[in-house]
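Observations on the model geometry
So you can see what is in the structure, the chains are spelled out below.
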Amino acid sequence: AQSVSQHNHHVILSEAASLELGCNYSYGGTVNLFWYVQYPGQHLQLLLKYFSGDPLVKGIKGFEAEFIKSKFSFNLRKPSVQWSDTAEYFCAVNSPGNKLTFGGGTRVLVKP
Amino acid sequence: GAGVSQTPSNKVTEKGKYVELRCDPISGHTALYWYRQSLGQGPEFLIYFQGTGAADDSGLPNDRFFAVRPEGSVSTLKIQRTERGDSAVYLCASSPAGSYNEQFFGPGTRLTVL
């Protein structure tokens, strides 16, 4: 069965710092990859996705992620975070089939 | 347009009772998903509908859980003989036809079983 691991459960950083969240998945076949974000009190929202093509994917709010097939990884990055980026971030994979398999999430706290 | 809506937003029940959780997907979305999110964990897949039929119910934990989508729109997740371990946030998501891999999530129903 597919599994997704996120390396950090909690990350605390200051505004303007750079952020990188790790994500690794287990399935070796064709995958579709996602990062979802959940801001405090809000529902899950899609941040970015990778289906095919350029492995460097740009999403909303200045986030990007890089798909490295040889490493089974899809790490999320943002060069300079803002206080409003405080949220929980989830990596997800949907292969095989349509269902999503999520990682355990990473809580990010950005100090003003 | 309107997003995925779920009712109720919160449900408190006693062990052994029956509960129903409702999901209204985005209008026109043919695929509908249910997930369960326990405290401190990521969402876990329960069941997926394509139209009226359950295309994949491999995530339902046992036969106390059942879901329907009789007209291919609204879906109801039904839990019989609730147990304290069923306490979680139940999330619904929907996808448009031709874009099955991008799922739009609702706000969830927080179920507490006392």
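What this report covers is the structure whose coordinates are included nearby.

Calculation criteria
Residues numbered from 1 in each chain as written. Chains lettered and ligands numbered in written order. Predicted model: local features only at pLDDT ≥ 70, side-chain atom pairs only at ≥ 80, totals over all residues. Heavy atoms only, no water. Helix = DSSP H or I, 4+ residues; strand = E, 2+ residues; numbered from the N terminus. Buried < 20%, exposed > 50% of the residue type's maximum accessible area, 1.4 Å probe, protein only. Contact = heavy atoms within 4.5 Å. Buried area = accessible area lost by both parts, 1.4 Å probe. Salt bridge = Lys/Arg side-chain N within 4 Å of Asp/Glu carboxyl O. Polar contact = N/O pair within 3.5 Å; in protein donor to acceptor, adjacent residues only side chain to side chain. Phe/Tyr/Trp six-rings, centres within 6.5 Å; stacked < 30°, edge-to-face > 60°. Pairing = 2+ DSSP bridges. Axes fitted to C-alpha atoms, helices over the stretch in contact; angles between N-to-C directions. Disulfide = S-S within 2.5 Å. Core = buried A, V, L, I, M, F, W, Y, C linked by side-chain atoms within 4.5 Å.

We now examine the overall build of chain A. Helices and strands together make up the secondary structure of chain A, namely zero helices and twelve strands. In chain A, the order of α-helices and β-strands from amino to carboxyl end is β-β-β-β-β-β-β-β-β-β-β-β. For chain A, the C-alpha atoms occupy an extent of roughly 40 × 25 × 20 Å along the three principal directions. Looking at chain A as a whole, 47% of its 112 residues qualify as buried.

Another point: the interface of chain B and chain A. In this complex, chain B contributes 19 residues to the contact, which on the side of chain A involves 17 residues. Here chain B meets chain A over a buried area of about 1500 Å², counting both sides, of which 52% is carbon and sulfur. The interface formed by chain B and chain A includes two salt bridges. The partner of B:Glu102 in a salt bridge is A:Lys49, and the shortest N-O contact between them spans 2.4 Å. Where chain B touches chain A, the interface holds six residue pairs in polar contact (both at pLDDT 80 or more). Sorting the residues of the side of chain B that touches chain A by element identifies strand E4 (31-37) and strand E5 (44-50) of chain B as the ones contributing at least two each.

This part takes up the packing of aromatic side chains. Aromatic ring pairs: the centre-centre distance and the angle between the two ring planes describe each pair. For the structure on display, the rule yields 15 aromatic pairs over all chains. Ring plane angle 45° and centroid distance 5.5 Å describe the contact between B:Tyr35 and B:Phe105, whose orientation is recorded as tilted. One end of the pair, B:Tyr35, is in strand E4; the other, B:Phe105, is in strand E10 (residues 104-105), with 70 residues separating them in the sequence. Three or more aromatic residues link up through ring pairs in this structure, and these residues are A:Phe34, A:Tyr36, A:Phe51, A:Phe90, A:Phe102, B:Tyr33, B:Tyr35, B:Phe45, B:Tyr48 and B:Phe105.

What follows is about the sheet that holds strand E1 (residues 5-7) of chain B. Residues and elements named next belong to chain B. Reading across from one edge, E1-E3-E8-E7 is the order of the four strands in this open sheet, with antiparallel pairing throughout. The sheet is open, and its two borders are formed by E1 and strand E7 (65-68), each paired with just one other strand. Here the strands of the sheet are splayed against their neighbours by 15° on average, with no regard to which way each runs.

Another aspect to go through is the state of the cysteines. Residues and elements named next belong to chain A. This model, assessed by the stated rule, comprises two disulfides over all chains. Residue pairing for Cys 23: its cysteine sulfur links by disulfide to Cys 91, the two sulfurs lying 1.9 Å apart. In this structure, the disulfide formed by Cys 23 and Cys 91 twists by about -65° around the S-S bond and is classed as left-handed. With a gap of 68 residues between them, Cys 23 in strand E4 (residues 23-25) and Cys 91 in strand E10 (residues 87-93) connect regions that are remote in the sequence. Summarising the burial analysis for this pair, Cys 23 and Cys 91 share the class buried.

All names here are of chain B. Alternating residues of strand E3 (residues 19-24) divide into Val 19, Leu 21 and Cys 23, all buried, and Glu 20, Arg 22 and Asp 24, none buried. Bridge count between E1 and E3: three bridges; the pairing is antiparallel. Residue pairing for E3: Ser 5 is matched across the bridge by Asp 24. Where E3 meets strand E8 (residues 75-79), five bridges bridge the pair, whose relative direction is antiparallel. Paired with Glu 20 across the bridge in E8 is Lys 78.

Right, let's talk about the nonpolar core for a bit. With 28 residues, the main nonpolar core has A:Trp35, A:Leu76 and A:Tyr89 as its most contacted residues. Ranked by residue count, the leading element in this core is E10(A), at four residues. Sequence-distant contacts of A:Leu76, that is, excluding residues within four places in its chain, are made with A:Leu19, A:Glu20, A:Leu21, A:Trp35, A:Leu47, A:Leu48, A:Phe63, A:Glu64, A:Ala65 and A:Tyr89. In terms of nonpolar packing, the next biggest core, distinct from the first, is built from 20 residues, B:Trp34, B:Leu46, B:Ala88 and B:Tyr90 among them.

Summed over all chains, the structure comprises ten salt bridges over all chains. One salt bridge in this structure joins B:Asp86 and B:Arg64, with 2.8 Å as the shortest N-O distance. Of this pair, B:Asp86 sits in the loop between E8 and strand E9 (88-95) while B:Arg64 sits in the loop between strand E6 (53-56) and E7, and the two are 22 residues apart along the sequence. For B:Asp86, a relative accessible area of 3% puts it in the buried group. The buried category is assigned to B:Arg64, whose relative accessible area is 6%. Each member of the salt-bridge network shares a partner with another, and the members are A:Lys58, A:Glu64, A:Glu66 and A:Arg77.

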